Amino acid sequence: MASEKEKMDRFKRVAENRTNKIIDQIRLLGNCANKSNYEYSDEDVKKIFSAIDSELKITKAKYQAKAQSKKFEL
C-alpha cells in the first residue's frame, strides 16, 4: 500500500503533466483565432468556451466535494 508521501508525489507528477498538456492544448486552440487561416462565428467561439467552462466547473466541483463531504451537524 502506498504511503501518503508516495501518493502526494504521484499526484504532483501526474497533475503537473496533465495540467501542462491542457495548457498546451489551450494555446493550440488559440491559434485557431487567426482569421487569415480560419473562418468562425461568435456563436462558434461561445460554444467552444461554454464547453470548456462547463468541464472546468465539473472538475473543480470534484475537488471541492471532497472537502465538503463532512457529516452534517447542528
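This text gives an overview of the structure that appears in the document.

## Things to note about the packing of aromatic side chains
- Counted according to the given criterion, the structure contains zero aromatic pairs.
- Its guanidinium or amino end placed over the ring of Tyr40, Lys35 lies 4.1 Å from that ring's centre, counting from NZ or CZ.

## Some remarks on the layout of surface pockets
- In this structure, the largest pocket occupies an estimated 450 Å³ of space.
- Lining the largest pocket we find 14 residues, and of these Arg18, Thr19, Ile22, Leu56 and Thr59 sit closest to its centre.
- Mapped by element, the contributors of at least two residues to the lining of the largest pocket are helix H1 (4–31) and helix H2 (42–67).
- Ranked by residue count, the leading element in the lining of the largest pocket is H1, at nine residues.
- Each residue belonging to the lining of the largest pocket can be placed in one class, and the counts come to nine nonpolar, three polar and two charged.
- Quantified by volume, the second largest pocket comes out at close to 210 Å³.
- Of all the secondary-structure elements, those providing two or more residues to the lining of the second largest pocket are H1 and H2.
- The residue inventory of the lining of the second largest pocket, partitioned by class, reads ten nonpolar, one polar and no charged.

Criteria and cut-off values
- Residues numbered from 1 in each chain as written.
- Predicted model: local features only at pLDDT ≥ 70, side-chain atom pairs only at ≥ 80, totals over all residues.
- Heavy atoms only, no water.
- Phe/Tyr/Trp six-rings, centres within 6.5 Å; stacked < 30°, edge-to-face > 60°.
- Lys NZ or Arg CZ within 6 Å of the ring centre and 35° of its normal.
- 1 Å grid on protein atoms, 1.4 Å probe; cavity = no way out; pocket = protein on both sides within 12 Å on 5 of 7 lines; lining within 4 Å.
- Points joined across faces, edges and corners; volume = space filled by probe spheres on them.
- Helix = DSSP H or I, 4+ residues; strand = E, 2+ residues; numbered from the N terminus.
- Nonpolar A, V, L, I, M, F, W, Y, C, P; charged D, E, K, R; others polar.

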